[in-house]
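What follows is the residue order along each chain.
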Amino acid sequence: MKNSYLSTLIFVGLWMLISCGPQEKSQKKAEAGIFEPNPQEMSEQPVGKLAIGDKAPYFNLPNVDGQFVSIDDFKEAEVLVINFTCNHCPTAQAYEERFINLVDEYKGKGVAFVAISPNSPIGILPEELGYTDLNDDYHSMQIRYEDLNYNFPYLYDGDTHEYSLAYGPVATPHVFVFDKDRKMTYSGRLDASEKPGTANAEDLRHAIEMTLAGEALDSDKAITPAFGCSTKWAWKNEFTIKTNEEWKRKPVTVEKLSTLGLEELLSNDSDELLLVNFWATWCGPCIVEYPEFIEIQRMYGARDFRFVSISMDNPEQEDKVLKFLLSKYSAVTNYLMDTDDKYAVIDVVKNEWDGSLPLTLLIEPGGNVVYKVPGTIKPLDLRRAIVDHPMIGRYY
């Protein structure tokens, strides 16, 4: 009897979600504490612009733990600070520690803090991720929250920008401060110096103190510019589509490489961080992971970085190798070893390579291997090894 009743409840719940429209579905999920990200393509929407004294628009958004958080959850706070930020932007990353410290400093002082990511994941190119290891999708937000040990809710509004549109953040980060009546007292930057260690959120701190005291900020300090990466609205994806198509049209070639040429390549007589992947068309794990390397090249290729692929197929299988590379849009430097002597190649590579594929090496100028993966890579770990290397970095 109990099982029959439970089945009926589940059926009714599912029917209610299926039968209602997108906004109703979102509301039903919010009520049930359920969230599944679903970024939507959108036509251009009007973007709000709040003025001093305007009421804080309502929001009810999923936190990284899947539970919904609304503006009503902060009704006891004397001051509410909303930080529109994201994972990928170097400016947003440059201010992360300052914001975390600020939250700690105001603990127990009547100030509530919340961060919202307004960006649509479908509007972001790999080429825009050159200063990060993460995209702005919901799963990546969960990773960033854990990695940085955020001490505030981190909410996602990347499906349809349902609430971000009302606030109108122009860039990430863009902070808004509201008083007890939830009227805006400040909008803009945390402070005027992006580089970590050069400032301490002075503008935001001043706004909080003045708001706590019930005093209005001077007009020239109440609204400041919000410097950072522009908000990635879903309808601004024409450039994304164009760039993706242009990448697919890039020429893909493969050249033969001798063991002497390989030795010269691995010595990395360049001013770039070099990523090399040894693979073969007959190697299942190699084939599965290969697109990750193309993504990585697109992410960091505009910086001091280069990816090179080296096929360990037999030299006479050049057509087969090229066919695969074409299918993966491998518009990078692609080599095929010109020898059947695999052990001669192993002797050149060294690095305790046992000959198994795939093998991935991250090499500094001068030939020092700083990161080695025998076997399948973990893409996030590899991206971190690249972006956190002193030659690359997360900030300007």
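Residues numbered from 1 in each chain as written. Predicted model: local features only at pLDDT ≥ 70, side-chain atom pairs only at ≥ 80, totals over all residues. Heavy atoms only, no water.

1. So, the overall build of the protein chain
Move 1: Counting secondary structure elements, the protein chain contains 13 helices and 15 strands.
Move 2: When its C-alpha atoms are laid out on the principal axes, the protein chain stretches across 75 × 65 × 40 Å.
Move 3: When each of the 396 residues of the protein chain is scored for burial, the buried share is 50%.
Move 4: Counting every atom, the protein chain has about 19,200 Å² of accessible surface; 51% of that belongs to carbon and sulfur.
Move 5: Put simply, the protein chain has 38 plus and 61 minus side-chain charges, and the middle of one group is 4 Å from the middle of the other. (Helix = DSSP H or I, 4+ residues; strand = E, 2+ residues; numbered from the N terminus. Buried < 20%, exposed > 50% of the residue type's maximum accessible area, 1.4 Å probe, protein only. Areas by Shrake-Rupley, 256 points an atom, 1.4 Å probe, with all protein chains shown as cover. Lys, Arg positive; Asp, Glu negative; His and termini not counted. Charge placed at Lys NZ, Arg CZ, Asp CG, Glu CD.)

2. Observations concerning the sheet that holds strand β8 (residues 184-188)
Move 1: Spatial ordering of the open sheet is given by β5-β4-β3-β7-β8, a layout of 5 strands whose pairing is mixed. Each edge of the sheet is formed by a strand with only one pairing partner; in this case those strands are β5 (154-156) and β8. Direction aside, neighbouring strands of the sheet carry axes that sit 20° apart on average.
Move 2: Here strand β4 (residues 111-117) runs beside β5; their pairing, made up of 3 bridges, is parallel. Bridging across to β5, A115 finds its partner in Y154. (Pairing = 2+ DSSP bridges. Axes fitted to C-alpha atoms, helices over the stretch in contact; angles between N-to-C directions.)

3. A word on the nonpolar core
Move 1: With 54 residues, the main nonpolar core has L262, F278, F305, I310 and I386 as its most contacted residues.
Move 2: In this view, I310 contacts L257, L262, L265, V276, N277, F278, W279, Y335 and M337; residues no more than four positions away in its chain are not counted.
Move 3: Core analysis: the second largest hydrophobic core is formed by 31 residues, V81, V103, M141 and Y150 among them. (Core = buried A, V, L, I, M, F, W, Y, C linked by side-chain atoms within 4.5 Å. Contact = heavy atoms within 4.5 Å.)

4. Some remarks on the packing of helix α10 (residues 284-300) against helix α13 (residues 379-387)
Move 1: Put simply, α10 and α13 touch, their axes get as near as 11 Å, and they point 25° apart. Considered as vectors, α10 and α13 are oriented roughly parallel to each other. Along this stretch, α10 crosses α13, giving a crossing that reads as right-handed. Contacts between α10 and α13 involve E292, F293, I296, M299 and Y300 on the former and, on the latter, P379, L382, R383, I386 and V387.
Move 2: Here the residues of the contact of α10 with α13 sort into 8 nonpolar, no polar and 2 charged. (Parallel < 35°, antiparallel > 145°, perpendicular 65-115°, else oblique. Left-handed = near helix turned anticlockwise from the far one by under 90°. Nonpolar A, V, L, I, M, F, W, Y, C, P; charged D, E, K, R; others polar.)

5. Here we look at the packing of helix α9 (residues 259-267) against helix α12 (residues 342-349)
Move 1: Contact geometry of α9 with α12 gives a least axis separation of 9 Å together with a crossing angle of 25°. Between α9 and α12, the crossing angle belongs to the class labelled roughly parallel. Where α9 crosses over α12, the two elements pack in a sense that is right-handed. Between α9 and α12, the contacting residues are T259, L262, E263 and L266 on the first element and A344, V345, V348 and V349 on the second.
Move 2: For the contact of α9 with α12, the residue count by class is 6 nonpolar, 1 polar and 1 charged.

6. What about helix α8 (residues 238-248)?
An α-helix turns once per 3.6 residues; consequently, residues spaced three or four apart project the same way.
Move 1: Within α8, burial applies to T240, T243 and W247. In an axial view of α8, the angular spread of the buried residues amounts to 70°, which keeps them on one side of the axis.
Move 2: Residues of α8 that are buried in the fold lie against α10. (Arc of directions from axis to C-beta.)

7. Notes on the confidence of the model for the protein chain
It should be kept in mind that the predicted coordinates are not to be read in detail where pLDDT is low.
Move 1: Per-residue confidence for the protein chain averages 92 on the pLDDT scale, and 92% of its residues sit at or above 70.
Move 2: The model gives residues 1-28 a pLDDT under 50, and that stretch makes 8 contacts with residues more than four places away or in other chains. (pLDDT = per-residue confidence, 0-100.)

8. Things to note about the pairing of strand β7 (residues 174-178)
Move 1: With 5 of its 5 residues buried, β7 lies for the most part within the structure.
Move 2: Burial of β7 is two-sided: the residues H174, F176 and F178 facing one way and the residues V175 and V177 facing the other way are all buried.
Move 3: Direction of pairing for strand β3 (residues 79-84) relative to β7: antiparallel, over a ladder of 5 bridges. Paired with L80 across the strands is F178, a residue of β7.

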